[in-house]
Amino acid sequence: MSALIEFQNAQLGYGWRSIILHDVNLTINRGDFLGIVGPNGSGKTTLLKTLLALLKPVSGTVRFGDGPPLRYGYVPQRDTVDTLFPIPVEEIVLMGRYKRVGLIKRPAKADREIALRSMEQVGIGHLARASYRDLSGGQKQRALIARALATEPDVLVLDEPTNGMDLVSEHALIELASTLHEKNRLTVILVSHLLANVANCAQRIAIIANGALDVGPREELLTTEHLSRLYAMEVKVMDIDGRCAIITGSKHP
Amino acid sequence: MNQAFSLLHQGFVQDALKAALLVAVLSSFLGVFVVLKRIVFVGAALAEVSALGAALAFFPPVAGFLLPLAARFGATTPEAYEHSVPIVMAFLFMLLAVAFFSQQGLGRHLPREAIIGGAFAGASGLTALVLSTNASGSEHAADALNGNILGVLPLDITLLAIAGAVVAVVQILFFKEFVLVSFDPEVARTLGYRSSRWELLWYLTLGVMIAISIHVAGTVLVFAYLVLPPVTALMISRRMSMVLLLSVLFGAIATFAGVLISVSPANLPMSPTIVACSVAILLLAWAAKSVAGLRKA
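Predicted model only: the values in this text are computed from it and were never measured. Residue numbers run consecutively from 1 along every chain, following the written order of its sequence. To read the labels, note that chains go from A and ligands from 1, taken in the order they are written. The predicted nature of this model means local features are confined to residues of pLDDT at least 70 and side-chain atom pairs, given and counted, to a pLDDT of 80 or more, with totals for whole chains, interfaces and linings taken over all residues.

All names here are of chain B. In DSSP terms, a helix is any run of H or I states spanning at least four residues, a strand is any run of E spanning at least two, and both are numbered starting from the N terminus. What a helix should span is 1.5 Å times the count of its residues minus one. Across its 13 residues, helix H4 (residues 60–72) extends 19 Å between first and last C-alpha, which sits within 8% of the 18 Å expected from 1.5 Å per residue. Note that the bend at a residue is defined as the angle between axes fitted to the seven residues ending at it and the seven residues starting at it. At Leu 66, H4 shows its largest kink, close to 30 degrees, and the proline Pro 68 lies no more than four residues downstream. Counting buried positions along H4 yields one of 13 residues, so the element is predominantly exposed. Count one or two residues on from H4 and you reach Gly 74, which has phi positive near 100 degrees. Here exposure depends only on C-beta density: within 10 Å of a residue's C-beta, 20 or more other C-beta atoms make it buried, 12 or fewer make it exposed, and intermediate numbers make it partly exposed, the C-beta atoms being placed from the backbone.

This is the structure in structure tokens:
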């Protein structure tokens, strides 16, 4: 399996005086589904920025494949996208094609077909002409995922995709991420502050706690003993009808 | 009104109309981005900083230094100096302001709007102060604030047309990049765009337009064009292309109506009349939208 992104003894942060994550060792292989979990303010954004090559490590190395630069299908947090712009969904999805279209040129018919296919893949083909700002939270998130798919990415990166969603929409979105991973054999990185969000879809999980990254296969990491030790509190991991459920108890004295 | 229409055939009124229409079309187009990017006061601050640059051209110690320099470039008469050096100074100050405002780190430690407000207030105060040191300061101050469209020269119109053409070409060529970087700068970066450079280029086109326009139309009218027609258009349409088209159209209609009323027997000052017409169009659009909303309900 070829490594798409590889961190080796990397210190991540904003200069030597503000290192957020220490000694990060992480390999993301082609076809992986990695879940990154950590509480707010733990350094998820720092790790994400480094993953997206927007931030250089303070020390150590981060390698991005051996071939041409990686193509990211990045789905930002929905709240960071301005809804004031009067842009139809189709045009937003087409933005994913802009780099391929090139400067000065307009998107061609083939680009519009790819955009439409991406919208259909996430179930919003019928909303192509709707204004982005008129969509529901779940539909907006799907539009942003469609834009990410339109880039024909090497890696699909979803940043807190279920923030502010109801239970049904949240479930549907996690299912969509799993389907995209399985059917399209996409490498998926899902960032969330909720462990439950990634517990049933990611093959590997990276938990950020106390300035360090704990990475491993889901089966190894999601155990009652491991999570109780990591969070210094009582955490129970249960299997309910083949799905992983995580319940927290009292804090360890 | 017949008298107003007959005055429209006069050369100086036609020149005023041409100049105001050029400023209206450019500002109303860029204003859509200004409103959507939520940087309305950057537009105002850029106009004030540019006006400060223009005012400094009349500040005796600075003028004493610039006069021989301007003469070397052919501006040997006071009229030539007054119609060239303030524009160059406005342009230079605009460049400094653009470099400052387009910094993405701006506002990390202080609220961004506080910094913009500070620049606006500082530039306005300093402009008034600088102009007060000049014998004809109050006249220049009035021109800087309200513009002197009726006193526009053919050279001003040519300059406006050239600057307008450059701004329009840049905006048309890189329209999709400007939309992407304005709408979602973070995703633009992950796609390989250097968002900060695109932002700088966009701010430059805005700055060039403002620096050239305030010489003709004054800060108040330029600011009004940047805000009122785009807001009216955004209220009516939900498609970017239509918003841009309507904004330009509303800017042009307000200009035409404002010039016509201004030269009618009412004899009103031109820039404020155009602003009033823009407000009237905004109120009409708002009323029409409210009525349409009530009918739907």
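All names here are of chain A. Reading across the sheet, the three strands line up as E2-E1-E4 and stay open at both edges, with antiparallel pairing between neighbours. Two strands lie at the open edges of the sheet, namely strand E2 (19–29) and strand E4 (59–64), each paired on one side alone. Going from strand to strand, the sheet's axes swing by 15 degrees on average, the running direction of each strand aside. By definition, two strands form a pair when at least two bridges between them are found by DSSP. Alignment of strand E1 (residues 3–13) against E4, held across five bridges, turns out to be antiparallel. When the bridges of E4 are listed, Gln 11 appears paired with Ser 59. Contact criterion: two residues are in contact if their C-beta atoms, reconstructed from the backbone, are within 7 Å. What counts as an axis is a line fitted to C-alpha atoms, over the stretch in contact for a helix, and the angles between N-to-C directions run from 0 to 180 degrees. Helix H1 (residues 44–51) rests against E1, E2 and E4 of the sheet, and its axis sits at about 135 degrees to E1.

It is worth spelling out unusual backbone geometry at this point. All names here are of chain A. At Asn 9, a residue that is not glycine, the phi angle is positive and equals roughly 45 degrees. Here Asn 9 shows up in strand E1. Overall, the presence of 12 C-beta atoms within 10 Å leaves Asn 9 in the exposed class. Positioned with a positive phi, Arg 185 is a non-glycine residue whose angle comes to about 50 degrees. Among the structural elements, Arg 185 can be located in the loop between helix H6 (167–184) and strand E7 (187–192). C-beta crowding within 10 Å serves as the criterion here: with 9 such atoms nearby, Arg 185 is assigned to the exposed category.

What follows covers the confidence of the model for chain B. All names here are of chain B. Residues at a pLDDT of 70 or more form 92% of chain B, whose mean pLDDT is 88. Within chain B, helix H7 (residues 137–146) has the poorest average pLDDT of any element, 62, and helix H12 (residues 240–262) the best, 96. Complex prediction metrics read pTM 0.87 and ipTM 0.89. A residue's pLDDT is the confidence the predictor assigns to it, expressed on a 0 to 100 scale.

Residue and element names in this part refer to chain A. Across the sheet, six strands lie side by side as E5-E6-E7-E3-E8-E9; this open sheet has mixed pairing. Only two strands of the sheet have a single partner each, and these edge strands are strand E5 (72–75) and strand E9 (212–217). Between one strand and the next, the sheet's axes are offset by a mean angle of 15 degrees, whatever the strand orientation. Examined bridge by bridge, strand E6 (residues 155–159) and E7 share five bridges and lie parallel to one another. Bridge pairing links Asp 159 to Val 191 in E7. Running over the sheet, H1 touches strand E3 (33–37), E6, E7 and strand E8 (204–209) and is turned about 155 degrees from E7.

Residue and element names in this part refer to chain A. Two elements in contact, helix H4 (residues 109–121) and helix H5 (residues 137–150), have axes whose closest approach is 8 Å; the angle formed by their N-to-C orientations is 135 degrees. By the angle class used here, H4 and H5 are oblique. In this structure, H4 crosses over H5, and the sense of that crossing is right-handed. Within the contact between the two elements, H4 uses Ile 114, Ala 115, Ser 118, Met 119 and Gln 121 and H5 uses Ala 146, Leu 149 and Ala 150. Throughout, the term roughly parallel applies to angles under 35 degrees, roughly antiparallel to angles over 145, roughly perpendicular to angles from 65 to 115, and oblique to all others. Each crossing gets its hand from how the near helix is turned against the far one by less than a right angle, where anticlockwise is left-handed and clockwise is right-handed.

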